[in-house]
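Results of the structural survey
Below, each chain spelled out in residue letters.
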Amino acid sequence: KRMKISAAILALAVPLAGVAEVAHADFFRNDFLPVGHVRTDAIIDPECLSDHVHTFYGPPLLYPTLTFEDLRNSHPSLSSGNIEENNSLYWHPAVYHVAENGKKTLQESGM
């Protein structure tokens, strides 16, 4: 049995066909240097210290009660990124190397 393809489905499929061609490419370029390593997590624990360390990129506003307005009002020259209009703050859990003797060493991002 043949399936009929509607114009709406075809209209969606054609632009998406090009996405498959570039799916291997970088879709987000992180041109930021780290601004700090802090026990702050604005999503999980917005009003207190986190139980683990995060590495932050962007404006050096690293405190638990940081607001959207604080970021929007930050001066672009303070950001660690190379796109002036981007006042966003990015973070990820900090990564440590644990040696055989138990010593932990913070691993800087190579991005």
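Residues numbered from 1 in each chain as written. Predicted model: local features only at pLDDT ≥ 70, side-chain atom pairs only at ≥ 80, totals over all residues. Heavy atoms only, no water.

1. Section: the pairing of strand β5 (residues 104-107)
Every other side chain in a regular strand lies on the same face of the sheet, so the side chains alternate between the two faces. Note that strand β4 (residues 95-98) and β5 share 4 bridges and pair antiparallel. The partner of Tyr 96 across the bridge, within β5, is Leu 106. Taking the residues between adjacent antiparallel strands as the criterion, β4 and β5 are bridged by 5 residues, where Gly 102 takes a positive phi near 95°. (Pairing = 2+ DSSP bridges. Helix = DSSP H or I, 4+ residues; strand = E, 2+ residues; numbered from the N terminus.)

2. Comments concerning the sheet that holds strand β3 (residues 90-93)
With antiparallel pairing, the 3 strands of this open sheet are ordered in space as β1-β2-β3. The sheet is open, and its two edges are formed by β1 (34-41) and β3, each paired on a single side. Strand-to-strand twist in this sheet, taken as the mean axis angle between neighbours without regard to direction, amounts to 55°. In this sheet, strand β2 (residues 45-57) lies alongside β1 in antiparallel orientation, the contact comprising 6 bridges. In the strand pairing of β2, His 37 is matched with Thr 55. (Axes fitted to C-alpha atoms, helices over the stretch in contact; angles between N-to-C directions.)

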